[in-house]
Amino acid sequence: MESAGYLFTVIAVMTAATFLTRVLPFVLLYKVADHHILVFLGKYLPPVMMVLLVVYTFKNEDLASTGFLPELGCLALTAALHLLFKHPLVSILGGTGAYMALVQMGMS
């Protein structure tokens, strides 16, 4: 059994490491925050990552069958919610909730 001091030290080191990895980019890059490459990445990287996640989700689906239709419906719901409300949290929670409901009902 480890001592309380050892556990406290481990937690403190992990906390400091996490804090530093979150803070250092802002501290070190504040002068170049308006650099055209960072502005470009900030604008286009989030949608690219979403497309990558969608492709990864559907990569093993057999398009000849209809087994992927519930997932495709939830994807369409997520897109519709995002276009309607323009709020990422609403669209993520709505799509995820619909998919989880389908899984619980055995439809996916």
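Residues numbered from 1 in each chain as written. Predicted model: local features only at pLDDT ≥ 70, side-chain atom pairs only at ≥ 80, totals over all residues. Heavy atoms only, no water.

An unreviewed UniProt entry lists the chain under the name Branched-chain amino acid transporter, with Oceanospirillum linum as the source organism.

Undergrad: Any chance you could explain the overall build of the chain here in plain terms?
TA: Check the secondary structure of the chain and you find four helices and zero strands. In the chain, the succession of helices and strands from N to C terminus is α-α-α-α. A globule of 108 residues ought to have a C-alpha radius of gyration of about 13 Å, yet the chain, at 21 Å, is considerably larger. Considering only C-alpha atoms, the chain reaches an extent of 55 × 50 × 30 Å along its principal axes. Among the 108 residues that make up the chain, the fraction classed as buried is 8%. Taking all contacts inside the chain whose residues are at least 6 apart in sequence as the whole, residues at least 24 apart take part in 25%. (Helix = DSSP H or I, 4+ residues; strand = E, 2+ residues; numbered from the N terminus. Rg over C-alpha atoms; globule rule 2.2 N^0.38 Å. Buried < 20%, exposed > 50% of the residue type's maximum accessible area, 1.4 Å probe, protein only. Contact = heavy atoms within 4.5 Å.)

Undergrad: Is there a simple way to explain the UniProt feature "transmembrane region" (unreviewed entry) in the chain in this structure?
TA: In the numbering used here, UniProt assigns the feature "transmembrane region" (unreviewed entry) to residues 6-30, 37-58 and 64-85. With 100% helix and 0% strand, residues 37-58 has end C-alpha atoms that lie 31 Å from one another. As annotated, residues 64-85 comprises 77% helix and 0% strand, and the C-alpha atoms at either end are separated by 33 Å. (UniProt positions renumbered as here; feature names shortened; annotations may be inferred.)

Undergrad: Just to check I follow, could you spell out the environment of Glu61 for this structure?
TA: Its place among the elements puts Glu61 in the loop between helix H2 (36-58) and helix H3 (69-85). Contacts of Glu61, omitting those with residues within four sequence positions, involve Gly67 and Phe68.

Undergrad: So what exactly am I meant to see when it comes to helix H4 (residues 88-104) here?
TA: Note: α-helices contain 3.6 residues per turn, so residues at a spacing of three or four share the same orientation. Its 17 residues place the ends of H4 24 Å apart at the C-alpha level, agreeing with the 24 Å of an ideal helix rising 1.5 Å per residue. Among the residues of H4, Ser91, Gly95 and Leu102 are the ones counted as buried. For H4, the arc enclosing every buried residue in end-on projection is 30°, short of the 170-degree limit, so these residues lie on one face. Away from its buried face by more than 90 degrees, H4 exposes Leu93 and Gln104. Buried residues belonging to H4 abut H3. Looking one or two residues beyond H4, the residue adopting positive phi is Gly106, at roughly 80°. (Expected span 1.5 Å × (residues − 1). Arc of directions from axis to C-beta.)

Undergrad: For this particular structure, what's the right way to read the packing of aromatic side chains?
TA: The way to describe two aromatic rings as a pair is by their centre distance and the angle between their planes. Tallying each qualifying case throughout the model produces one aromatic pair. Each ring, one from Phe40 and one from Tyr44, has its centre 4.9 Å from the other, and the planes form 45°; the classification is tilted. With a gap of four residues between them, Phe40 and Tyr44 both fall in helix H2, about one helical turn apart. For Phe40, a relative accessible area of 48% puts it in the partly exposed group. The exposure class of Tyr44 is partly exposed, given its relative accessible area of 40%. (Phe/Tyr/Trp six-rings, centres within 6.5 Å; stacked < 30°, edge-to-face > 60°.)

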